[in-house]
Amino acid sequence: MSISFSSAQWELSPTEAIPYYYDAIGRIENRSTDLASRPAIPDERAIFSMLQFGAVIPPLSPWRGVHRAITGYRYEGTQKLGPVDIVTQNETSSLQPEEQADQFTQL
């Protein structure tokens, strides 16, 4: 399924586990192969990243012309605006069990 966020603002949580990829025309998918050109051309930088780090490091993707959205950032369309605001939680380890339960209930 193809989604276009050409003018919408969206963000990826710092803990987002699903990868999102985008291309130059603004299509966004969670599978990089859906956005790759035909025939798909491997990105040499991604191959080097795989050899050096054992993974394709964002914003790289396995294919030329496809980029991975970086978790923890806000976007407008496919333009990165900046990091998301991190909401800090209260420290719960020093609380009594009932107080800890109250804190988790509020989440």
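Residues numbered from 1 in each chain as written. Predicted model: local features only at pLDDT ≥ 70, side-chain atom pairs only at ≥ 80, totals over all residues. Heavy atoms only, no water.

1. Some remarks on the environment of Ser61
With respect to the secondary-structure elements, Ser61 resides in the loop between helix H1 (44-53) and strand E5 (66-68). With residues up to four places along the chain from it excluded, the contact list for Ser61 reads Tyr21, Ser32, Asp43, Ala46, Val56, Val66 and His67. At a separation of 3.0 Å, a polar atom in the side chain of Ser61 contacts the main-chain carbonyl oxygen of Trp63. (Helix = DSSP H or I, 4+ residues; strand = E, 2+ residues; numbered from the N terminus. Contact = heavy atoms within 4.5 Å. Polar contact = N/O pair within 3.5 Å; in protein donor to acceptor, adjacent residues only side chain to side chain.)

2. Remarks on the sheet that holds strand E2 (residues 9-11)
What the three strands build is an open sheet, ordered E2-E6-E7; its pairing is antiparallel. Pairing within the sheet leaves two strands with one partner each, and these edge strands are E2 and strand E7 (79-83). The average undirected angle you get between the axes of adjacent strands in this sheet is 25°. The sheet contact formed by E2 and strand E6 (residues 73-76) spans three bridges and is antiparallel. Bridge pairing in E6 places Gln9 opposite Glu76. (Pairing = 2+ DSSP bridges. Axes fitted to C-alpha atoms, helices over the stretch in contact; angles between N-to-C directions.)

3. Description of the environment of Thr78
As for its position among the elements, Thr78 is in the loop between E6 and E7. Judged by its relative accessible area of 18%, Thr78 falls in the buried class. In this structure the C-alpha to C-alpha distance between Thr78 and Arg27, which are 51 residues apart in sequence, comes to 8.4 Å. For Thr78, the contacting residues outside a window of four places in its chain are Tyr22, Asp23 and Gly26. (Buried < 20%, exposed > 50% of the residue type's maximum accessible area, 1.4 Å probe, protein only.)

4. Things to note about the confidence of the model for the protein chain
In this model, the protein chain carries an average pLDDT of 85, and 90% of its residues clear a pLDDT of 70 or more. Taken element by element, the protein chain is modelled with least confidence in strand E1 (residues 3-4), mean pLDDT 46, and with most confidence in H1, mean pLDDT 96. (pLDDT = per-residue confidence, 0-100.)

5. Side note on the pattern of salt bridges
As enumerated under the stated definition, the model contains four salt bridges in all. Residue Arg31 is joined to Asp34 by a salt bridge in which the shortest nitrogen-to-oxygen separation is 3.2 Å. Given the relative accessible area of 30%, Asp34 is considered partly exposed. The residue Asp43 makes a salt bridge to Arg45 at a minimum N-O spacing of 2.8 Å. Assessed through its relative accessible area of 48%, Arg45 is described here as partly exposed. (Salt bridge = Lys/Arg side-chain N within 4 Å of Asp/Glu carboxyl O.)

6. A closer look at the packing of aromatic side chains
The final tally for this structure, using the stated rule, is two aromatic pairs. When the ring of Trp10 is compared with that of Tyr75, the centres are 4.8 Å apart and the planes differ by 15°; the resulting orientation is stacked. Taken as a pair, Trp10 in strand E2 and Tyr75 in strand E6 lie far apart in primary sequence, 65 residues in all. Among the residues examined, Trp10 registers a relative accessible area of 13% and is labelled buried. Among the aromatic residues, those joined into a ring-pair cluster are Trp10, Tyr22 and Tyr75. Stacked on the ring of Tyr73, the Lys or Arg Lys80 has its end atom at 4.8 Å from the ring centre. (Phe/Tyr/Trp six-rings, centres within 6.5 Å; stacked < 30°, edge-to-face > 60°. Lys NZ or Arg CZ within 6 Å of the ring centre and 35° of its normal.)

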